[in-house]
Amino acid sequence: MSSKLKRLFITVIIIQIVFLLGLVGYRETILALGRTAVLQTVPVDPRDLFKGEYVILRYEISTIGDGSNNTGTKPYIRGEIIEGNIVYVGIPDSDTNEFDRSQFAQAGNPSEEMDLFIKGRVTSSKDNIITVEYGIEQYFVPEGRGLEIEQADDVKVRVKINRSGTAAIEELIVDGEVWRP
Amino acid sequence: MTSDTPNNDSTQNGDQIDERSEESPAVQADPRQNWLKGRINQWRESGLISDDQSEAIINFESMPEAPFRLGLRFSRLIIVLSTLGAVLIGAGIISFVAANWQGIPAIAKLALLIGGQTAAYWVAYQLQFVRGFPKVGGAIMFAAAAWFGANVFLVAQSYHLGTENPDLLILWFAGVLPLAYITRSKAITVMAVGIFLIGISWKAAAQTEDAESGLQVMAILLLGGSSIYSIGLVHLSHAVTKFFAAPYLVGGTLLTIFVTFMLTFEDIFNDLTRSPARESLELSGGYVGIAVVVSSITVASLIAGYRQAMRVERFSVQKLSKPAVLVLIVVAAWLLAFHPFTSSAPYVVVFNLLLILLIFGLITLGIVNKREAFVNVGIVFFVIDLSTRYIELTVDMLDTSLAFIIGGLLLLGVGYGMERARRKLLQQFGMMEVTQ
């Protein structure tokens, strides 16, 4: 290998490392600077040979209705939303932690009415009910620990959310206690 | 007077040949060897090669075939064993890290991932380029490139990011593609092109869930296939890059023919548009931009590839067939993106015709250029198309069980016939792998 190619080879390896550090940096920035919200969830515990063990988190806000029967305790759909849409869902921050009528799901852009919002993608839309994924539906745990979370009575997830609505999981709160892996 | 084929014995330099032939009667009986020796003597006499070079070539070519082939098989075995070994070690480490992920401190995780990957590259570099073990080194280089991909997913996992994410594949692709060129590794090129194809197809599948953009995404995927193939043509037209052409040509072909096949079904159109009676679909600016860029890559690659080819070869109408088909694909893709007709029927007709053109075009291209891969792809899609049309035709006409039995018998018969035809074609035309 010529010295020029050797330099290029080293450059590519450095670029690969920068890619990895970039991924780390992006998520760390959200965790460090994002606003905090606490989301109620119901976990399920699968396992994958290469991924290891993880719990699937299904949030209260994973399914959103049209608001006709809404009691003001959950967000509701505003405007037309179809499968595949990017939606912004207004949520309360960790200080108030209570939904109100200003918290709804809207496609396209976040509403100015929303104080704190989370971005997701609509995976299905049927009978005025949408299912949304926020990219925080998996929580990886050490081998054999998934069942502890699955069998708990109450599981909440503390998330950090940046200005564009991208969320990152900070920690799990299992039966009122922060869960330590 | 010179002889042009290996079957023509050279008589001009007979005495020189006979001198050597006496040493090896087995070689004397081989007309190819005699022809080659005559040519080598001519090259030596005309000053193209020295006496030493002439002797070295003749000695090399006189070597019995069996040990040479044995050596080739042995070297393939080394590659297979080294690759399997490297992949197993990598899989073991990744599996261990994944299973105990949350128990490892953040800094240790990063150090383990980046340190392990860099160490693998260092070992690969040392073996491949410094210590003179190119096959084992190449296998470890391949495993290190795969390790980078695993690291991308492990980092995503460490932040509980959904790993069912095609963007991670695109990141992996971007990281390993330059490595393929720097290390001149065909295996890494195949890996990079493969990852890219899976990544964009996966992304497209996610995007087509959105009824407003389904057709446009399929159009971009079709344009992507033709673009990847055109990039392969550019590689093929330059001696330095010819080595890398095959993965692009085969990958682009597979993507194009698969998307075209999908678009031959009316149901797919109805799914993509949600309603066949929908008046029109508005083209979103973002998708138009992507389609323009991808189409431009195809056109620019075609121009670049053919300009180079025309410098060394004479112009012929036959040479225009490939660009003509690629232009047709681009036009069909734009027709799909604009979707001017309310009924799905015209599109189904257009894409069925395009599929037939691609199938027979590929088989012809394979035969003319002696490329086995193209013949195989053409025949496989011919059988798939035939089977699906049979099912479409009989599903409402015959009892299901009868339709399956007749279909099964027909498939077995067609499969047997096609395999025989394929083998005959390959033998008749002395086919070679696409890269040779």
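All figures in this text were calculated on a predicted structure; none of them were measured in a lab. (Residues numbered from 1 in each chain as written. Chains lettered and ligands numbered in written order. Predicted model: local features only at pLDDT ≥ 70, side-chain atom pairs only at ≥ 80, totals over all residues.)

K.L.:
Is there a simple way to explain the overall build of chain B in this structure?
P.N.:
Helices and strands together make up the secondary structure of chain B, namely 17 helices and zero strands. Across chain B, the fraction of contacts at a sequence separation of at least 24, relative to all contacts at a separation of at least 6, is 69%. (Helix = DSSP H or I, 4+ residues; strand = E, 2+ residues; numbered from the N terminus. Contact = placed C-beta atoms within 7 Å.)

K.L.:
What exactly am I supposed to notice about the pairing of strand β11 (residues 155-161) of chain A here?
P.N.:
Each regular strand displays side chains that alternate between the two surfaces of the sheet. Residue and element names in this part refer to chain A. Burial runs high along β11: five of the seven residues are buried. Summarising the sheet, β11 and strand β12 (residues 167-174) pair through seven bridges and their orientation is antiparallel. Bridged to V157 within β12 is L172. (Buried ≥ 20, exposed ≤ 12 C-beta atoms within 10 Å, placed from the backbone. Pairing = 2+ DSSP bridges.)

K.L.:
What is the right way to look at the nonpolar core in this model?
P.N.:
One broad trend across soluble globular proteins is that nonpolar side chains are buried collectively. Ranked by internal contacts, the top residues of the largest apolar core, which has 95 residues, are A144(B), A145(B), V176(B), M218(B) and A219(B). The next biggest cluster of nonpolar side chains, apart from the first, holds 37 residues, and it includes V55(A), I77(A), V122(A) and V159(A). (Core = buried A, V, L, I, M, F, W, Y, C linked by C-beta atoms within 7 Å.)

K.L.:
When you look at the domain arrangement of chain A in this model, what are you seeing that I'm missing?
P.N.:
The parts lose accessible area when they come together, and the size of an interface is often stated as this lost area. Residues and elements named next belong to chain A. For chain A, the assigned domains are domain 1 (1-33) and domain 2 (35-178). Inter-centroid distance (C-alpha atoms) of domain 1 to domain 2 is 32 Å. Contact with domain 1, which involves four residues of that partner, is made by five residues of domain 2. Looking at side-chain class alone, the side of domain 1 that touches domain 2 contains three nonpolar, no polar and one charged residues. (Domains from an automatic or database assignment. Nonpolar A, V, L, I, M, F, W, Y, C, P; charged D, E, K, R; others polar.)

K.L.:
Even after reading the chapter, I still don't get the confidence of the model for chain B, so can you show me in this structure?
P.N.:
The predicted coordinates should not be examined in detail at positions where pLDDT is low. Residue and element names in this part refer to chain B. Taken as a whole, chain B shows an average pLDDT of 76; of its residues, 73% reach a score of 70 or greater. In the predicted structure, residues 1-28 sits below a pLDDT of 50 and forms 31 contacts with residues beyond four places in sequence or in another chain. This model gives residues 275-281 a pLDDT under 50, and the stretch forms 11 contacts once residues within four places in sequence are excluded. As a predicted assembly, this complex carries a pTM of 0.72 together with an ipTM value of 0.80. (pLDDT = per-residue confidence, 0-100.)

K.L.:
Whenever I open this one, the sheet that holds strand β5 (residues 76-77) of chain A confuses me. Can you help?
P.N.:
The strands making up a sheet associate through hydrogen bonds between their backbones, and the pairing can be parallel or antiparallel. All names here are of chain A. Ordered by their spatial adjacency, six strands build an open sheet running β4-β9-β8-β6-β7-β5, and the pairing between neighbours is mixed. Sheet topology places β4 (63-64) and β5 at the edges, where each strand pairs with a single neighbour. Summarising the sheet, strand β6 (residues 86-90) and strand β7 (residues 104-107) pair through three bridges and their orientation is antiparallel. Among the inter-strand pairings, V89 is bridged to a residue of β7, identified as A105.

K.L.:
Would you mind showing me how to read helix α15 (residues 345-369) of chain B here?
P.N.:
Helical periodicity: at 3.6 residues per turn, an α-helix aligns residues three or four positions apart in one direction. In this model, α15(B) (25 residues) spans 35 Å end to end at C-alpha, consistent with the 36 Å of a helix rising 1.5 Å per residue. Y347(B), F351(B), L354(B), L355(B), L358(B), I359(B), L362(B), I363(B) and G366(B) are the residues of α15(B) that are buried. (Expected span 1.5 Å × (residues − 1).)

K.L.:
Quick question: what am I supposed to make of unusual backbone geometry here?
P.N.:
Apart from glycine, the bulk of residues carry a negative phi angle, and the bulk of peptide bonds sit in the trans form. Residue and element names in this part refer to chain A. Positive phi, normally seen in glycine, also occurs at N128, with a value near 60 degrees. N128 sits in the partly exposed class, given 13 other C-beta atoms within 10 Å. Its identity is not glycine, yet D175 carries a phi of approximately 50 degrees, on the positive side. Structurally, D175 is set in the loop between β12 and β13 (177-178).

K.L.:
Any chance you could explain the packing of helix α6 (residues 106-130) of chain B against helix α7 (residues 134-158) of chain B here in plain terms?
P.N.:
Relative orientation and spacing of two packed helices are given, respectively, by the angle between their axes and the distance between those axes. Residues and elements named next belong to chain B. Packing of α6 against α7 brings their axes to within 7 Å, and their N-to-C directions diverge by 165 degrees. In terms of axis orientation, α6 runs roughly antiparallel to α7. For the crossing formed where α6 meets α7, the hand is left-handed. Its residues assigned to classes, the contact of α6 with α7 comprises 16 nonpolar, seven polar and one charged. (Axes fitted to C-alpha atoms, helices over the stretch in contact; angles between N-to-C directions. Parallel < 35°, antiparallel > 145°, perpendicular 65-115°, else oblique. Left-handed = near helix turned anticlockwise from the far one by under 90°.)

K.L.:
Please explain the environment of V152(B) as it appears in this structure.
P.N.:
With respect to the secondary-structure elements, V152(B) resides in helix α7. With 24 C-beta atoms packed within 10 Å, V152(B) lands in the buried category. Residues V152(B) and L171(B), 19 residues apart in the sequence, show an inter-C-alpha distance of 7.8 Å. Apart from residues no more than four positions distant in its own chain, V152(B) is found in contact with L20(A), L168(B), L171(B) and W172(B).

K.L.:
How do you make sense of the environment of I384(B) when you look at a structure like this?
P.N.:
Residues and elements named next belong to chain B. With respect to the helices, strands and loops of the structure, I384 is situated in helix α16 (residues 372-394). Residue I384 is classed as partly exposed on the basis of its 15 C-beta neighbours within 10 Å. As a C-alpha pair, I384 and F261 span 123 residues in sequence and 9.3 Å in three-dimensional space.

K.L.:
So what exactly am I meant to see when it comes to the packing of helix α14 (residues 321-338) of chain B against α15(B) here?
P.N.:
All names here are of chain B. Contact geometry of α14 with α15 gives a least axis separation of 11 Å together with a crossing angle of 160 degrees. With respect to α15, the element α14 is oriented roughly antiparallel. The element α14 and its partner α15 pack so that their crossing is left-handed. Here V325, L328, A332, L335 and L336 of α14 lie close against α15, whose contacting residues are Y347, V350, F351, L354, L357 and G361. Along the lines of polarity and charge, the residues of the contact of α14 with α15 split into 10 nonpolar, one polar and no charged.

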